[in-house]
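# Architecture at a glance
Next come the chains, spelled out residue by residue.
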Amino acid sequence: SKPALQCSRKGEAGKVTDGVKEDSRGPTTAERVRTVFTRATAASLATDDGPLRKCRVPHLLESGDIALSIRNENPYSPTGSAVPAILELLDHAPGRGRASVRALVWLRGHARVAAPQQVRRLLDVIAASNPDPALLDVGHEDTLVLLSAESIVLADSTGASLVDHSRVLAAQPD
């Protein structure tokens, strides 16, 4: 009989990490997730309390929360505590080929509107690494929403992988 596949949390190149063998010749799964955050061409937030919401400027904060700018034309205003939500990020390949989606990331967790006293500080943090003009719309045409992720899945041409949240926070984009 064949030996069972052993999982290692060392994260060394060429080792099995969280059940997925990392290729020593390419980026880790966590690095690929971070790359999708920097290159995402589309983002959508789904919750039980309303329609699918298109998001602008998805940003992974040092705290592990994901900050999202959502248009007020499709307002997100939960009453009380956070609500269950799923965020989908798409990274499209340049050009118009048959396989235009290069990678997809799903984040499951709980979403809440950022507290008014947090918004300015969070926008400064986001703008320091991503000075997107859409950030200027927060507080006017957009609302800043925070997603606390409980699970992260990356899907690309190699398959789908559950990715450890702490590894994503520690990783750099490839």
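Thresholds, definitions, all that
- Residues numbered from 1 in each chain as written.
- Predicted model: local features only at pLDDT ≥ 70, side-chain atom pairs only at ≥ 80, totals over all residues.
- Heavy atoms only, no water.
- 1 Å grid on protein atoms, 1.4 Å probe; cavity = no way out; pocket = protein on both sides within 12 Å on 5 of 7 lines; lining within 4 Å.
- Points joined across faces, edges and corners; volume = space filled by probe spheres on them.
- Helix = DSSP H or I, 4+ residues; strand = E, 2+ residues; numbered from the N terminus.
- Nonpolar A, V, L, I, M, F, W, Y, C, P; charged D, E, K, R; others polar.
- Core = buried A, V, L, I, M, F, W, Y, C linked by side-chain atoms within 4.5 Å.
- Buried < 20%, exposed > 50% of the residue type's maximum accessible area, 1.4 Å probe, protein only.
- Salt bridge = Lys/Arg side-chain N within 4 Å of Asp/Glu carboxyl O.

### Examining the layout of surface pockets
Rolled over the atoms, a probe sized like a water molecule indicates the empty space that remains. Size it by volume and the largest pocket reaches roughly 540 Å³. For the largest pocket, the lining is made up of 23 residues, of which Arg34, His59, Leu60, Leu61 and Ser129 are closest to its centre. Elements with a contribution of two residues or more to the lining of the largest pocket: helix 1 (29-39), strand 4 (53-60) and helix 2 (116-129). The element best represented in the lining of the largest pocket is helix 2, accounting for five residues. For the lining of the largest pocket, the class distribution of residues is 10 nonpolar, seven polar and six charged.

### Focus: the nonpolar core
Residues Leu45, Ile66, Leu87 and Leu107 are the most contacted members of the largest nonpolar core, which totals 26 residues. Going through the elements one at a time, helix 1, strand 3 (42-47), strand 4, strand 5 (65-71), strand 6 (83-92), strand 7 (101-113) and strand 8 (142-156) are the ones with two or more residues in this core. Ranked by residues supplied to this core, first place goes to strand 8 with five residues. Grouped together as the second largest cluster of nonpolar side chains are 13 residues, Val119, Leu122, Leu123 and Val138 included.

### Focus: unusual backbone geometry
Even without being glycine, valine 57 reaches a positive phi, approximately 55°. Position of valine 57 relative to the elements: it lies in strand 4. Judged by relative accessible area, which is 9%, valine 57 ranks as buried.

### Comments concerning the pattern of salt bridges
Applying the stated rule across the entire model yields 10 salt bridges. When the shortest N-O distance is used, the salt bridge between aspartate 142 and arginine 71 registers 3.4 Å. Linking aspartate 142 in strand 8 with arginine 71 in strand 5, this pair joins segments that are 71 residues apart in sequence. On the basis of relative accessibility, which here comes to 2%, the residue aspartate 142 falls in the buried class. Among the residues examined, arginine 71 registers a relative accessible area of 25% and is labelled partly exposed. Each of Arg56, Arg71, Asp137, Glu141 and Asp142 takes part in one network of salt bridges that share partners.

Function cannot be inferred from these measures alone, as they are strictly geometric.
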